[in-house]
Amino acid sequence: MIKRSFIGLTKPLLKYDALDVKTPAPLVIQPSKKVTLFLDKAFNFKDTILFKIGDSVKTGQKLSYSEDSDVYVISTVTGTISSITPFNADYGKTYTAITIDVSENEDIDDQFSTLAKEPTIDTLKDCLAFIPGNLPAGLFPSTDASPSIETIVISGVDRDLFVTTNQNTLRTDGEAIKQGVKILKKITGIDNIIIITPDYLMQDAGITGAEVRVINTEYPASLPHLIMRDVLGQVVPAGKNCEDMGVSFISAEAVASIGKAFSEGQIPLYKHFNLIKKDGISTLISARIGTPIHDILNAFDVTLNEKDRLIIGGPMTGLAVYSDDYPVQPDTDAIMVQDRENIPLVSDYPCINCGECIRICPANIPINLLVRFLEAGQYEEAADQYDLYSCIECGLCSFVCVAKMPVFHYIKLAKYELGRITTAEATNA
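Criteria and cut-off values
Residues numbered from 1 in each chain as written. Predicted model: local features only at pLDDT ≥ 70, side-chain atom pairs only at ≥ 80, totals over all residues. Heavy atoms only, no water. Salt bridge = Lys/Arg side-chain N within 4 Å of Asp/Glu carboxyl O. Helix = DSSP H or I, 4+ residues; strand = E, 2+ residues; numbered from the N terminus. Buried < 20%, exposed > 50% of the residue type's maximum accessible area, 1.4 Å probe, protein only. Axes fitted to C-alpha atoms, helices over the stretch in contact; angles between N-to-C directions. Parallel < 35°, antiparallel > 145°, perpendicular 65-115°, else oblique. Contact = heavy atoms within 4.5 Å. Core = buried A, V, L, I, M, F, W, Y, C linked by side-chain atoms within 4.5 Å. Domains from an automatic or database assignment. Pairing = 2+ DSSP bridges.

Participant: I'm lost on the pattern of salt bridges in this one. Help?
Facilitator: Working definition: two side chains of opposite charge can pair if their charged atoms are close together. Counted by the stated rule, this structure contains 17 salt bridges. The partner of Lys260 in a salt bridge is Asp173, and the shortest N-O contact between them spans 3.2 Å. Of this pair, Lys260 sits in helix H7 (residues 252-264) while Asp173 sits in the loop between helix H3 (165-172) and helix H4 (174-188), and the two are 87 residues apart along the sequence. Residue classification places Asp173 among the buried positions, given a relative accessible area of 16%. A single salt-bridge network, built from bridges that share partners, covers Glu253, Lys271 and Asp333.

Written as C-alpha coordinates, this is what we have:
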(Lines give C-alpha, C1' and ligand atoms only; values in the text may rest on other atoms or scores of the structure.)
Protein backbone atom coordinates (compact mmCIF):
# COMPACT_ATOMS: atom_id res chain seq x y z
CA MET A 1 0.00 0.00 0.00
CA ILE A 2 1.24 3.52 -0.80
CA LYS A 3 0.11 6.83 0.67
CA ARG A 4 1.08 10.23 -0.76
CA SER A 5 0.65 13.69 0.72
CA PHE A 6 -1.64 15.99 -1.29
CA ILE A 7 0.82 18.88 -1.11
CA GLY A 8 3.84 16.67 -1.75
CA LEU A 9 5.93 17.76 1.24
CA THR A 10 6.07 14.35 2.87
CA LYS A 11 7.51 11.18 1.40
CA PRO A 12 5.34 8.33 0.06
CA LEU A 13 4.61 5.59 2.59
CA LEU A 14 5.17 1.98 1.52
CA LYS A 15 4.04 -0.82 3.82
CA TYR A 16 5.31 -4.38 3.92
CA ASP A 17 2.78 -7.12 3.23
CA ALA A 18 1.52 -9.01 6.27
CA LEU A 19 0.36 -12.61 6.42
CA ASP A 20 -3.35 -13.24 6.39
CA VAL A 21 -4.66 -15.00 9.48
CA LYS A 22 -5.77 -17.92 7.31
CA THR A 23 -2.69 -18.10 5.09
CA PRO A 24 -2.63 -21.64 3.64
CA ALA A 25 0.42 -23.87 3.63
CA PRO A 26 2.77 -23.33 0.65
CA LEU A 27 1.75 -25.21 -2.49
CA VAL A 28 4.38 -27.84 -3.33
CA ILE A 29 5.70 -27.96 -6.91
CA GLN A 30 7.79 -30.92 -8.05
CA PRO A 31 10.37 -30.56 -10.84
CA SER A 32 9.21 -32.32 -13.98
CA LYS A 33 12.26 -33.42 -15.97
CA LYS A 34 15.36 -31.41 -15.06
CA VAL A 35 16.86 -29.26 -12.33
CA THR A 36 19.77 -26.85 -12.65
CA LEU A 37 22.11 -26.10 -9.76
CA PHE A 38 24.43 -23.10 -9.66
CA LEU A 39 27.85 -23.78 -8.21
CA ASP A 40 29.38 -20.50 -7.01
CA LYS A 41 32.58 -20.75 -9.03
CA ALA A 42 33.42 -19.76 -12.59
CA PHE A 43 33.56 -22.80 -14.85
CA ASN A 44 36.92 -23.50 -16.47
CA PHE A 45 37.28 -26.25 -19.06
CA LYS A 46 40.88 -26.78 -17.93
CA ASP A 47 39.88 -27.59 -14.33
CA THR A 48 39.71 -31.16 -13.05
CA ILE A 49 36.18 -31.29 -11.66
CA LEU A 50 35.07 -34.02 -9.23
CA PHE A 51 31.98 -34.89 -11.27
CA LYS A 52 31.26 -35.26 -14.98
CA ILE A 53 28.46 -35.59 -17.48
CA GLY A 54 26.83 -39.01 -17.18
CA ASP A 55 27.47 -39.39 -13.45
CA SER A 56 24.55 -40.63 -11.35
CA VAL A 57 23.75 -38.55 -8.27
CA LYS A 58 21.58 -39.10 -5.23
CA THR A 59 19.24 -36.71 -3.48
CA GLY A 60 21.24 -34.85 -0.84
CA GLN A 61 24.62 -35.76 -2.36
CA LYS A 62 27.39 -33.19 -2.06
CA LEU A 63 28.94 -32.15 -5.38
CA SER A 64 32.27 -30.40 -4.81
CA TYR A 65 34.00 -28.52 -7.62
CA SER A 66 37.50 -29.79 -6.95
CA GLU A 67 39.78 -31.17 -4.26
CA ASP A 68 41.31 -27.76 -3.51
CA SER A 69 38.02 -25.83 -3.49
CA ASP A 70 35.46 -25.45 -0.70
CA VAL A 71 32.73 -24.62 -3.20
CA TYR A 72 29.95 -27.19 -3.56
CA VAL A 73 26.26 -27.70 -4.18
CA ILE A 74 23.83 -30.28 -2.85
CA SER A 75 21.91 -32.33 -5.38
CA THR A 76 18.20 -31.80 -4.74
CA VAL A 77 17.10 -34.75 -6.87
CA THR A 78 18.15 -38.25 -7.88
CA GLY A 79 19.22 -38.48 -11.49
CA THR A 80 22.01 -38.17 -14.06
CA ILE A 81 24.18 -35.15 -14.79
CA SER A 82 23.41 -34.14 -18.38
CA SER A 83 25.22 -30.80 -18.67
CA ILE A 84 28.03 -28.79 -17.05
CA THR A 85 28.32 -25.26 -18.48
CA PRO A 86 29.39 -21.73 -17.50
CA PHE A 87 26.60 -19.30 -16.60
CA ASN A 88 26.97 -15.51 -16.55
CA ALA A 89 24.66 -13.65 -14.20
CA ASP A 90 24.17 -9.95 -13.43
CA TYR A 91 27.07 -7.63 -12.67
CA GLY A 92 29.81 -10.03 -13.73
CA LYS A 93 28.77 -12.90 -11.46
CA THR A 94 29.72 -16.28 -12.93
CA TYR A 95 28.63 -19.78 -11.98
CA THR A 96 29.06 -23.37 -13.03
CA ALA A 97 25.60 -24.60 -14.03
CA ILE A 98 24.95 -28.30 -13.40
CA THR A 99 21.86 -29.76 -15.07
CA ILE A 100 20.49 -33.06 -13.75
CA ASP A 101 17.91 -35.23 -15.50
CA VAL A 102 15.44 -36.31 -12.81
CA SER A 103 15.01 -40.03 -12.19
CA GLU A 104 11.61 -41.57 -11.44
CA ASN A 105 12.93 -43.31 -8.32
CA GLU A 106 14.50 -41.28 -5.53
CA ASP A 107 17.61 -42.48 -3.69
CA ILE A 108 18.65 -40.52 -0.58
CA ASP A 109 22.35 -40.00 0.17
CA ASP A 110 23.03 -40.84 3.84
CA GLN A 111 26.39 -39.12 4.34
CA PHE A 112 24.94 -36.15 6.23
CA SER A 113 22.82 -38.29 8.57
CA THR A 114 25.97 -39.55 10.31
CA LEU A 115 27.46 -36.06 10.69
CA ALA A 116 24.16 -34.64 11.96
CA LYS A 117 24.34 -36.63 15.19
CA GLU A 118 26.88 -34.19 16.63
CA PRO A 119 26.48 -30.65 15.21
CA THR A 120 29.72 -28.76 14.59
CA ILE A 121 30.68 -25.57 12.81
CA ASP A 122 32.58 -27.64 10.23
CA THR A 123 29.48 -29.68 9.43
CA LEU A 124 27.45 -26.50 9.07
CA LYS A 125 30.04 -25.01 6.72
CA ASP A 126 30.83 -28.17 4.76
CA CYS A 127 27.31 -29.54 4.31
CA LEU A 128 24.66 -26.84 4.79
CA ALA A 129 25.87 -23.82 2.79
CA PHE A 130 23.25 -24.65 0.13
CA ILE A 131 20.19 -24.87 2.39
CA PRO A 132 16.93 -22.95 1.79
CA GLY A 133 17.33 -19.41 3.08
CA ASN A 134 21.03 -19.27 2.15
CA LEU A 135 23.61 -19.27 4.95
CA PRO A 136 25.52 -15.95 5.12
CA ALA A 137 29.19 -16.22 4.24
CA GLY A 138 30.02 -13.77 7.03
CA LEU A 139 29.05 -16.37 9.60
CA PHE A 140 32.25 -18.26 8.75
CA PRO A 141 35.38 -16.05 9.01
CA SER A 142 37.66 -16.96 6.10
CA THR A 143 40.92 -15.79 7.68
CA ASP A 144 42.32 -14.87 11.07
CA ALA A 145 42.08 -11.24 9.97
CA SER A 146 38.34 -11.53 9.29
CA PRO A 147 36.12 -9.63 11.76
CA SER A 148 34.78 -11.82 14.54
CA ILE A 149 31.00 -12.14 14.77
CA GLU A 150 29.56 -11.26 18.17
CA THR A 151 25.86 -10.96 17.31
CA ILE A 152 23.58 -12.99 15.04
CA VAL A 153 20.42 -11.25 13.82
CA ILE A 154 17.62 -13.49 12.52
CA SER A 155 15.37 -11.75 9.99
CA GLY A 156 11.80 -12.78 10.68
CA VAL A 157 10.80 -10.05 8.24
CA ASP A 158 11.10 -9.83 4.47
CA ARG A 159 13.30 -7.40 2.57
CA ASP A 160 10.94 -6.44 -0.24
CA LEU A 161 7.29 -5.68 -0.86
CA PHE A 162 4.78 -8.44 -1.73
CA VAL A 163 7.08 -11.01 -0.05
CA THR A 164 6.08 -13.00 3.06
CA THR A 165 8.55 -15.91 3.00
CA ASN A 166 10.31 -15.28 6.32
CA GLN A 167 7.12 -14.20 8.05
CA ASN A 168 5.50 -17.48 7.02
CA THR A 169 8.52 -19.42 8.30
CA LEU A 170 8.31 -17.62 11.64
CA ARG A 171 4.62 -18.42 11.98
CA THR A 172 4.73 -22.08 10.90
CA ASP A 173 8.25 -23.30 11.80
CA GLY A 174 8.80 -21.78 15.23
CA GLU A 175 10.00 -25.06 16.73
CA ALA A 176 12.53 -25.59 13.93
CA ILE A 177 13.82 -22.03 14.42
CA LYS A 178 14.08 -22.71 18.17
CA GLN A 179 16.16 -25.81 17.47
CA GLY A 180 18.27 -23.86 14.98
CA VAL A 181 18.95 -21.14 17.55
CA LYS A 182 20.13 -23.74 20.07
CA ILE A 183 22.47 -25.27 17.50
CA LEU A 184 23.88 -21.89 16.44
CA LYS A 185 24.59 -20.96 20.05
CA LYS A 186 26.29 -24.29 20.67
CA ILE A 187 28.52 -24.50 17.60
CA THR A 188 29.41 -20.81 17.20
CA GLY A 189 29.69 -19.88 20.87
CA ILE A 190 27.60 -16.76 20.17
CA ASP A 191 24.93 -16.22 22.82
CA ASN A 192 23.71 -12.86 21.57
CA ILE A 193 21.12 -13.96 19.01
CA ILE A 194 18.33 -11.51 18.17
CA ILE A 195 15.23 -12.14 16.06
CA ILE A 196 13.61 -9.24 14.22
CA THR A 197 9.85 -9.42 13.77
CA PRO A 198 6.81 -7.31 12.95
CA ASP A 199 4.65 -6.69 16.02
CA TYR A 200 1.88 -9.09 14.99
CA LEU A 201 4.34 -12.04 15.07
CA MET A 202 5.84 -11.26 18.49
CA GLN A 203 4.19 -14.28 20.09
CA ASP A 204 5.53 -16.62 17.39
CA ALA A 205 9.02 -15.14 17.76
CA GLY A 206 8.88 -15.50 21.54
CA ILE A 207 9.16 -19.30 21.45
CA THR A 208 12.41 -19.32 19.44
CA GLY A 209 14.75 -18.69 22.35
CA ALA A 210 16.22 -15.59 20.70
CA GLU A 211 15.86 -12.05 21.99
CA VAL A 212 12.86 -10.49 20.24
CA ARG A 213 13.06 -7.01 18.71
CA VAL A 214 10.16 -5.40 16.83
CA ILE A 215 10.49 -3.15 13.78
CA ASN A 216 7.88 -1.04 12.05
CA THR A 217 6.20 -2.12 8.83
CA GLU A 218 7.29 0.82 6.68
CA TYR A 219 9.63 -0.05 3.82
CA PRO A 220 12.68 -0.28 3.92
CA ALA A 221 12.90 -0.80 7.72
CA SER A 222 13.91 -4.47 7.33
CA LEU A 223 17.14 -3.84 5.41
CA PRO A 224 20.24 -4.76 7.48
CA HIS A 225 21.77 -1.27 7.55
CA LEU A 226 18.56 0.21 8.92
CA ILE A 227 18.17 -2.58 11.48
CA MET A 228 21.73 -1.86 12.59
CA ARG A 229 20.89 1.82 13.04
CA ASP A 230 17.33 1.70 14.37
CA VAL A 231 17.40 -1.52 16.42
CA LEU A 232 21.03 -2.09 17.42
CA GLY A 233 22.04 1.57 17.60
CA GLN A 234 25.07 1.14 15.33
CA VAL A 235 25.71 3.08 12.14
CA VAL A 236 27.56 1.13 9.45
CA PRO A 237 30.21 3.44 7.93
CA ALA A 238 30.24 3.94 4.16
CA GLY A 239 32.15 1.17 2.43
CA LYS A 240 31.78 -1.19 5.39
CA ASN A 241 29.31 -4.02 5.94
CA CYS A 242 27.49 -5.42 8.96
CA GLU A 243 30.07 -8.19 9.45
CA ASP A 244 32.73 -5.50 9.89
CA MET A 245 30.67 -4.36 12.89
CA GLY A 246 30.55 -7.89 14.33
CA VAL A 247 26.96 -8.60 13.25
CA SER A 248 25.84 -11.38 10.90
CA PHE A 249 22.33 -11.43 9.42
CA ILE A 250 20.60 -14.73 8.67
CA SER A 251 17.07 -15.38 7.44
CA ALA A 252 14.46 -17.13 9.58
CA GLU A 253 14.16 -19.76 6.84
CA ALA A 254 17.88 -20.55 7.02
CA VAL A 255 17.73 -20.97 10.82
CA ALA A 256 14.69 -23.24 10.47
CA SER A 257 16.59 -25.24 7.83
CA ILE A 258 19.50 -25.69 10.26
CA GLY A 259 17.11 -26.92 12.94
CA LYS A 260 15.41 -29.38 10.61
CA ALA A 261 18.68 -30.65 9.14
CA PHE A 262 20.21 -31.67 12.46
CA SER A 263 16.93 -32.89 13.96
CA GLU A 264 15.90 -35.03 10.99
CA GLY A 265 19.36 -36.02 9.72
CA GLN A 266 18.53 -34.82 6.21
CA ILE A 267 19.48 -31.69 4.31
CA PRO A 268 16.36 -29.58 3.53
CA LEU A 269 15.81 -29.25 -0.21
CA TYR A 270 12.57 -27.28 -0.59
CA LYS A 271 12.67 -23.50 -0.90
CA HIS A 272 9.64 -21.42 0.11
CA PHE A 273 8.94 -18.27 -1.92
CA ASN A 274 6.15 -16.05 -3.24
CA LEU A 275 4.90 -16.28 -6.81
CA ILE A 276 3.57 -12.83 -7.76
CA LYS A 277 1.43 -13.20 -10.88
CA LYS A 278 0.50 -10.59 -13.46
CA ASP A 279 -2.63 -9.61 -11.56
CA GLY A 280 -0.56 -8.85 -8.44
CA ILE A 281 -1.87 -11.83 -6.48
CA SER A 282 0.88 -13.43 -4.37
CA THR A 283 0.91 -17.17 -3.62
CA LEU A 284 3.25 -19.07 -1.30
CA ILE A 285 5.11 -21.84 -3.14
CA SER A 286 7.45 -24.62 -2.06
CA ALA A 287 9.75 -26.12 -4.69
CA ARG A 288 13.03 -27.97 -4.75
CA ILE A 289 16.09 -25.82 -5.24
CA GLY A 290 17.04 -26.04 -8.91
CA THR A 291 13.47 -26.27 -10.21
CA PRO A 292 13.20 -24.23 -13.43
CA ILE A 293 10.76 -21.33 -13.29
CA HIS A 294 8.79 -22.65 -16.27
CA ASP A 295 7.71 -25.66 -14.17
CA ILE A 296 6.26 -23.28 -11.60
CA LEU A 297 4.55 -21.07 -14.17
CA ASN A 298 3.06 -24.11 -15.90
CA ALA A 299 1.62 -25.35 -12.59
CA PHE A 300 -0.31 -22.06 -12.28
CA ASP A 301 -1.17 -21.64 -15.97
CA VAL A 302 0.90 -18.46 -16.19
CA THR A 303 1.81 -17.67 -19.79
CA LEU A 304 4.81 -15.54 -20.68
CA ASN A 305 4.25 -13.37 -23.73
CA GLU A 306 6.77 -11.35 -25.70
CA LYS A 307 8.00 -8.32 -23.71
CA ASP A 308 6.61 -9.62 -20.40
CA ARG A 309 9.13 -9.34 -17.60
CA LEU A 310 10.31 -12.10 -15.25
CA ILE A 311 11.84 -10.84 -12.01
CA ILE A 312 13.65 -12.69 -9.24
CA GLY A 313 12.78 -10.85 -6.04
CA GLY A 314 10.29 -8.14 -5.22
CA PRO A 315 9.31 -4.95 -7.07
CA MET A 316 11.81 -2.66 -5.32
CA THR A 317 15.09 -4.58 -5.52
CA GLY A 318 14.39 -7.59 -7.76
CA LEU A 319 16.44 -8.32 -10.88
CA ALA A 320 15.07 -9.39 -14.26
CA VAL A 321 16.09 -12.69 -15.85
CA TYR A 322 15.80 -13.48 -19.51
CA SER A 323 14.70 -17.10 -19.56
CA ASP A 324 12.14 -19.16 -17.70
CA ASP A 325 14.78 -21.91 -17.55
CA TYR A 326 16.35 -19.95 -14.69
CA PRO A 327 16.19 -22.13 -11.54
CA VAL A 328 14.98 -21.53 -8.00
CA GLN A 329 17.99 -20.71 -5.80
CA PRO A 330 18.56 -21.00 -2.01
CA ASP A 331 17.96 -17.24 -1.68
CA THR A 332 14.97 -16.96 -4.04
CA ASP A 333 12.26 -15.33 -1.93
CA ALA A 334 9.99 -14.26 -4.78
CA ILE A 335 9.35 -14.72 -8.49
CA MET A 336 7.37 -11.91 -10.06
CA VAL A 337 5.77 -11.83 -13.51
CA GLN A 338 4.98 -8.42 -14.99
CA ASP A 339 2.63 -8.01 -17.92
CA ARG A 340 4.15 -5.97 -20.73
CA GLU A 341 1.27 -3.50 -20.44
CA ASN A 342 2.08 -2.77 -16.79
CA ILE A 343 5.86 -2.43 -16.89
CA PRO A 344 6.89 0.99 -15.54
CA LEU A 345 8.45 3.33 -18.05
CA VAL A 346 12.24 3.79 -17.88
CA SER A 347 13.73 6.72 -19.75
CA ASP A 348 17.04 8.43 -20.43
CA TYR A 349 15.53 11.81 -19.63
CA PRO A 350 17.86 13.87 -17.42
CA CYS A 351 17.27 14.72 -13.76
CA ILE A 352 14.83 17.64 -13.30
CA ASN A 353 15.93 18.45 -9.73
CA CYS A 354 12.49 17.82 -8.23
CA GLY A 355 14.02 16.62 -4.95
CA GLU A 356 11.79 13.55 -4.54
CA CYS A 357 14.77 11.17 -4.32
CA ILE A 358 16.50 13.32 -1.68
CA ARG A 359 13.33 13.52 0.38
CA ILE A 360 12.80 9.77 0.44
CA CYS A 361 16.39 8.48 0.73
CA PRO A 362 16.87 6.76 4.14
CA ALA A 363 20.66 7.30 3.89
CA ASN A 364 20.33 11.04 3.19
CA ILE A 365 22.42 10.87 0.02
CA PRO A 366 22.35 13.85 -2.42
CA ILE A 367 21.09 11.59 -5.18
CA ASN A 368 20.30 14.42 -7.58
CA LEU A 369 24.03 15.22 -7.67
CA LEU A 370 25.24 11.62 -7.42
CA VAL A 371 23.26 10.49 -10.45
CA ARG A 372 24.88 13.08 -12.70
CA PHE A 373 28.29 11.52 -12.10
CA LEU A 374 26.88 8.01 -12.55
CA GLU A 375 25.33 8.92 -15.91
CA ALA A 376 28.71 10.17 -17.06
CA GLY A 377 30.52 7.08 -15.81
CA GLN A 378 32.53 9.10 -13.30
CA TYR A 379 32.26 6.45 -10.60
CA GLU A 380 35.29 7.35 -8.51
CA GLU A 381 34.11 10.95 -8.22
CA ALA A 382 30.65 9.70 -7.25
CA ALA A 383 32.17 7.61 -4.47
CA ASP A 384 34.57 10.28 -3.22
CA GLN A 385 32.26 13.30 -3.34
CA TYR A 386 28.65 12.14 -3.21
CA ASP A 387 28.40 9.14 -0.86
CA LEU A 388 27.96 6.33 -3.38
CA TYR A 389 28.94 3.71 -0.80
CA SER A 390 26.42 5.05 1.73
CA CYS A 391 23.59 3.71 -0.47
CA ILE A 392 21.75 0.78 1.15
CA GLU A 393 20.15 -0.24 -2.19
CA CYS A 394 16.48 0.06 -1.23
CA GLY A 395 15.36 1.26 -4.68
CA LEU A 396 13.19 4.10 -3.38
CA CYS A 397 15.01 6.67 -5.54
CA SER A 398 13.96 4.89 -8.74
CA PHE A 399 10.44 4.42 -7.40
CA VAL A 400 9.80 8.13 -6.91
CA CYS A 401 11.87 9.49 -9.82
CA VAL A 402 9.69 11.86 -11.83
CA ALA A 403 12.05 11.60 -14.81
CA LYS A 404 11.81 7.78 -14.66
CA MET A 405 15.58 7.38 -14.44
CA PRO A 406 16.90 3.92 -13.42
CA VAL A 407 18.80 5.44 -10.49
CA PHE A 408 18.97 2.19 -8.51
CA HIS A 409 20.60 0.36 -11.42
CA TYR A 410 23.04 3.21 -12.03
CA ILE A 411 24.16 2.80 -8.41
CA LYS A 412 24.44 -1.00 -8.64
CA LEU A 413 26.47 -0.70 -11.85
CA ALA A 414 28.78 1.91 -10.33
CA LYS A 415 29.52 -0.27 -7.30
CA TYR A 416 30.22 -3.23 -9.55
CA GLU A 417 32.54 -1.28 -11.84
CA LEU A 418 34.47 0.19 -8.92
CA GLY A 419 34.80 -3.27 -7.38
CA ARG A 420 36.12 -4.62 -10.66
CA ILE A 421 38.67 -1.80 -10.90
CA THR A 422 39.83 -2.37 -7.32
CA THR A 423 40.22 -6.11 -7.94
CA ALA A 424 42.23 -5.50 -11.14
CA GLU A 425 44.53 -3.03 -9.37
CA ALA A 426 45.12 -5.46 -6.50
CA THR A 427 45.89 -8.26 -8.98
CA ASN A 428 48.37 -6.10 -10.88
CA ALA A 429 50.06 -5.00 -7.66
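Read on, since the account is not over.
Participant: I keep staring at the packing of H3 against H7 and nothing clicks. Help me out?
Facilitator: Packed helix pairs are characterised by how far apart their axes lie and by the angle those axes make with each other. Packing of H3 against H7 leaves a shortest axis separation of 8 Å and a crossing angle of 40°. Taken as axis vectors, H3 and H7 run oblique relative to one another. Counted together, Thr165, Asn166 and Thr169 of H3 and Ala252, Glu253 and Ala256 of H7 form the full contact between these two elements.

Participant: Honestly, unusual backbone geometry in this entry has me stumped. Any pointers?
Facilitator: Note: most peptide bonds trans; most residues except glycine with negative phi. A cis amide bond links Tyr219 to the next residue, Pro220, at an omega of 10°. The topology assignment puts Pro220 in the loop between strand E12 (211-214) and helix H6 (224-230). The backbone phi angle of Asn353 is positive, close to 60°, even though this residue is not glycine. The residue Asn353 is located in the loop between strand E18 (334-338) and helix H9 (356-360) in this model. For Asn353, a relative accessible area of 47% gives the class partly exposed. Although it is not a glycine, Glu393 adopts a positive phi angle of roughly 60°. In this structure, Glu393 sits in the loop between helix H11 (379-385) and helix H12 (396-400). Glu393 sits in the partly exposed class, given a relative accessible area of 24%.

Participant: Explain the nonpolar core here, please?
Facilitator: One broad rule of soluble globular proteins: the nonpolar side chains tend to lie buried together. Counting residues in each nonpolar core, the largest one holds 54 residues, and the members touching the most others are Leu124, Leu128, Leu135 and Ile258. Both of domain 1 (31-109) and domain 2 (121-140 + 147-264) provide at least three residues apiece to this core. Ignoring any residue separated from it by four or fewer positions in sequence, one finds Leu135 in contact with Leu124, Leu128, Ala129, Phe140, Ile250, Ala254 and Ile258. The next biggest cluster of nonpolar side chains, apart from the first, holds 22 residues, and it includes Cys361, Cys391, Cys397 and Val407.

Participant: Got a minute to help me understand the pairing of strand E16 (residues 309-312) in this structure?
Facilitator: Side-chain direction in a regular strand flips from residue to residue, so the side chains alternate between the two faces of the sheet. Pairing of E16 with E18, which is carried by four bridges, proceeds in the antiparallel orientation. Paired with Ile312 across the strands is Ile335, a residue of E18. Bridge analysis of E16 against strand E17 (residues 319-321) gives three bridges, and the strand direction is antiparallel. Note on E17: the bridge partner recorded for Leu310 is Val321. Counted between consecutive antiparallel strands, the loop separating E16 from E17 contains six residues, among which Gly313 sits at a positive phi close to 115°.

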